[in-house]
Amino acid sequence: MIPAIEKDSLEEIKIFQEKKLAELLAYISENSPFYKRLFAGQNIDISKVKTLEDLQHLPVTTKEDLQQYNDDFLCVPQHKIIDYASTSGTLGDPVTFGLTDSDLDRLAYNEAISFACAGIAEGDVVQLMTTIDRKFMAGLAYFLGLRKLKVGVIRVGAGIPEMQWDSILKYNPSYLITVPSFLLKLIEYAEIHGIDYNNSSIKGAICIGESLREQDFSMNILSKKITDKWNIKLFSTYASTEMSTAFTECEHGKGGHHHPELIIVEVLDENNQPVKNGETGELTFTTLGIEAMPLLRFKTGDMVQFHDEPCACGRNTLRVGPVVGRKKQMIKYKGTTLYPPAMNDVLSSFDNIENHLIEISTNDLGTDEILIKIAVKNQTPEFLQEIKDHFRAKLRVTPKIEFASKEVLNPLVFNPMSRKPIRFFDYR
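Analysis parameters
- Residues numbered from 1 in each chain as written.
- Predicted model: local features only at pLDDT ≥ 70, side-chain atom pairs only at ≥ 80, totals over all residues.
- Heavy atoms only, no water.
- Helix = DSSP H or I, 4+ residues; strand = E, 2+ residues; numbered from the N terminus.
- Buried < 20%, exposed > 50% of the residue type's maximum accessible area, 1.4 Å probe, protein only.
- Contact = heavy atoms within 4.5 Å.
- Core = buried A, V, L, I, M, F, W, Y, C linked by side-chain atoms within 4.5 Å.
- Pairing = 2+ DSSP bridges.
- Phe/Tyr/Trp six-rings, centres within 6.5 Å; stacked < 30°, edge-to-face > 60°.
- Lys NZ or Arg CZ within 6 Å of the ring centre and 35° of its normal.
- Salt bridge = Lys/Arg side-chain N within 4 Å of Asp/Glu carboxyl O.
- Axes fitted to C-alpha atoms, helices over the stretch in contact; angles between N-to-C directions.
- Parallel < 35°, antiparallel > 145°, perpendicular 65-115°, else oblique.
- Left-handed = near helix turned anticlockwise from the far one by under 90°.
- Nonpolar A, V, L, I, M, F, W, Y, C, P; charged D, E, K, R; others polar.

In the annotation of an unreviewed UniProt entry, the protein is listed under the name Phenylacetate--CoA ligase and assigned to Flavobacterium ginsengisoli.

Structure representation (structure tokens):
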């Protein structure tokens with residue numbers, strides 16, 4: 001199930017997207033109070049925007065714009081809104097998104113072709129291990145996409161390894177949709193309770209919320225820990241509520257595939273200019289085909305790299321590499337630039353660590369200070385030194401590290417109001 005546009009040449013894709021861009025600009029200039037005001041205030045003539053390169057002449061949209069003028073982005077009357085979703089609020093106040101009937105159809109199409117990219121097909125059964133309530137768009141999107149693929153769905157929800165295994169052993173799903181670190185809890189539970197997990201029905205897992213790969217697409221420590229024990233295929237998927245679009249890996253694991261019929265993507269530097277191919281920049285997108293709340297040049301805050309060589313799966317579309325980190329979570333520590341995922345990766349290599357969180361603050365000199373709190377099975381000064389040495393070897397710097405109890409860390413990291421583990425606390 002590869003849409004024809006995704007097999008077209010990059011030039012054909014560009015022509016298609018430029019036509020869709022013109023339609024989007026006409027739509028938002030007529031229906032969006034926010035963009036109508038923005039275009040008038042900056043004397044923007046949308047008729048002059050004819051190519052993707054011309055996007056650089058248009059202003060970007062930020063998370064702050066959405067938070068400040070949330071209702072002004074709505075392009076339809078309220079009675080046309082069928083579903084209300086909200087962002088996770090990872091870096092600020094949550095933003096509400098309305099979806100029309102047409103938007104829900106688009107969401108289902110996006111997830112259907114994304115899951116198909118990972119090899120899920122009619123006849124499979126998938127266990128959904130994420131919440132579908134609390135205005136969470138992703139859980140609803142997964143269900144709609146799987147339904148469109150004519151795939152069976154077991155809506156177990158998040159957490160509780162015993163309940164997950166009861167369901168796996170009863171319904172024999174072929175795939176799981178989950179946060180990857182939770183797979184380690186499933187393995188641990190199975191080993192304690194004598195479940196032969198390598199002879200279960202599970203063939204693969206669609207993994208959300210945490211990275212599986214290094215920038216060269218090799219498996220990171222987390223994914224190695226999972227697959228060294230459990231012989232299943234892991235697929236990374238990246239998406240956000242704002243874009244209502246996913247970038248999902250195919251079987252070749254070389255980045256999340258772009259769906260050009262749904263979204264225009266750019267990778268921008270600090271000055272909102274495109275970075276060179278292979279360089280890291282901020283993922284910025286323009287949505288196509290969204291009726292209620294389309295966005296123009298929205299800056300996600302996620303630092304990524306693009307890859308544009310054709311993929312062995314037959315798609316010619318761009319691919320998005322693993323997220324390097326969040327722009328606002330960048331840390332300057334002793335002359336070194338760090339992002340939390342790199343520190344999480346170092347800590348994941350120690351089996352003795354049961355949980356951890358990272359706190360960032362500003363010291364008396366006005367520079368960034370890092371404190372890592374770890375809950376471990378066996379506390380010794382030697383182990384603390386081993387971690388510090390590993391940080392120095394991998395990241396060239398050693399942050400302050402202290403022991404804490406699971407009882408203190410678990411409620412903070414696994415906050416019941418959050419859809420994924422929270423390991424980064426920024427007090428700057």
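**Q** I would appreciate a short explanation of the side chain of Q164 in the present structure.
**A** Note that Q164 resides in helix α6 (residues 161-171). Look at Q164 and you get buried, because its relative accessible area is 0%. Among residues more than four places away in sequence, those in contact with Q164 are Q127, M129, V156, G157, A158, G159, F182 and L186.

**Q** Please explain the nonpolar core as it appears in this structure.
**A** General note: in soluble globular proteins, nonpolar side chains tend to be found buried as a group. By size, the foremost hydrophobic cluster in this structure holds 38 residues, and its most contacted members are L21, L25, Y35, L66, L295 and L296. Mapped onto this core, the elements with two or more residues apiece are α1 (10-31), α2 (33-41), β10 (263-268), β11 (281-287) and β12 (298-304). Excluding residues that lie within four positions of it along the chain, L25 makes contacts with F39, I46, V49, L58 and L296. Counting residues in hydrophobic clusters, the runner-up holds 22 residues, among them L338, I353, I358 and I372.

**Q** Explanation requested: the sheet that holds β10 in the structure shown.
**A** For sheets, the rule is that strands pair by backbone hydrogen bonds, running either parallel or antiparallel. If you trace the 4 strands from one edge of the open sheet to the other, you get β10-β11-β12-β15, paired in antiparallel fashion. The open sheet has two edge strands, β10 and β15 (325-326), and neither has a second partner.

**Q** Looking at this structure, how should I read unusual backbone geometry?
**A** Note on backbone geometry: most residues besides glycine have negative phi, and most peptide bonds are trans. Backbone geometry places R134, a non-glycine residue, at a positive phi of 55°. Along the chain, R134 falls in the loop between β3 (125-128) and α5 (137-148). We note that R297 has phi near 50°; this positive angle belongs to a residue other than glycine. What makes R297 buried here is its relative accessible area of 1%.

**Q** Sorry if this is basic, but what is going on with the packing of aromatic side chains here?
**A** Aromatic ring pairs: the centre-centre distance and the angle between the two ring planes describe each pair. For the coordinates displayed, the defined rule picks out 11 aromatic pairs. Ring plane angle 20° and centroid distance 4.2 Å describe the contact between F34 and F73, whose orientation is recorded as stacked. With F34 in helix α2 and F73 in the loop between α3 (63-68) and β1 (83-86), this residue pair connects regions lying 39 residues apart in the sequence. The pair F34 / F73 is uniform in exposure class, with both members buried. A cation sits over an aromatic face here: R37 above Y69, 5.2 Å from the ring centre.

**Q** Is there a simple way to explain the side chain of S174 in this structure?
**A** The residue S174 is located in the loop between α6 and β5 (175-178) in this model. For S174, a relative accessible area of 9% puts it in the buried group. Setting aside residues up to four positions removed in sequence, S174 forms contacts with D124, V125, S201, I202, K203 and G204.

**Q** Whenever I open this one, the pattern of salt bridges confuses me. Can you help?
**A** It is possible for side chains bearing opposite charge to pair when their charged atoms get close. Overall, the coordinates contain 22 salt bridges when judged by the stated rule. Close ionic contact of K14 with E18 constitutes a salt bridge, the shortest N to O distance being 2.5 Å. Separated by 4 residues within a single helix, K14 and E18 lie in helix α1, roughly one turn from each other. E242 is the salt-bridge partner of K63, the closest N and O atoms lying 3.2 Å from each other.

**Q** Can you walk me through the packing of helix α9 (residues 340-348) against helix α10 (residues 381-395) in this structure?
**A** For any two helices packed against each other, one specifies the inter-axial angle together with the distance between the axes. At their nearest, the axes of α9 and α10 sit 10 Å apart, and the two run at 135° to each other. On the basis of their axis angle, the class for α9 and α10 is oblique. When the axes of α9 and α10 are compared, the crossing they make is right-handed. Every residue of α10 that contacts α9 at A342, M343, V346 and L347 is listed here: I387, H390, F391, K394 and L395.

**Q** Would you mind going over the packing of helix α4 (residues 101-117) against α5 with me for this structure?
**A** In the contact formed by α4 and α5, the axes pass within 7 Å of each other and the chain directions differ by 70°. Between α4 and α5, the angle is such that the two are roughly perpendicular. Of the residues in α5, those touching α4 at L104, L107, A108, Y109, E111, A112 and F115 are M137, L140, A141, Y142, L144, G145, L146 and K148. Each residue belonging to the contact of α4 with α5 can be placed in one class, and the counts come to 12 nonpolar, 1 polar and 2 charged.

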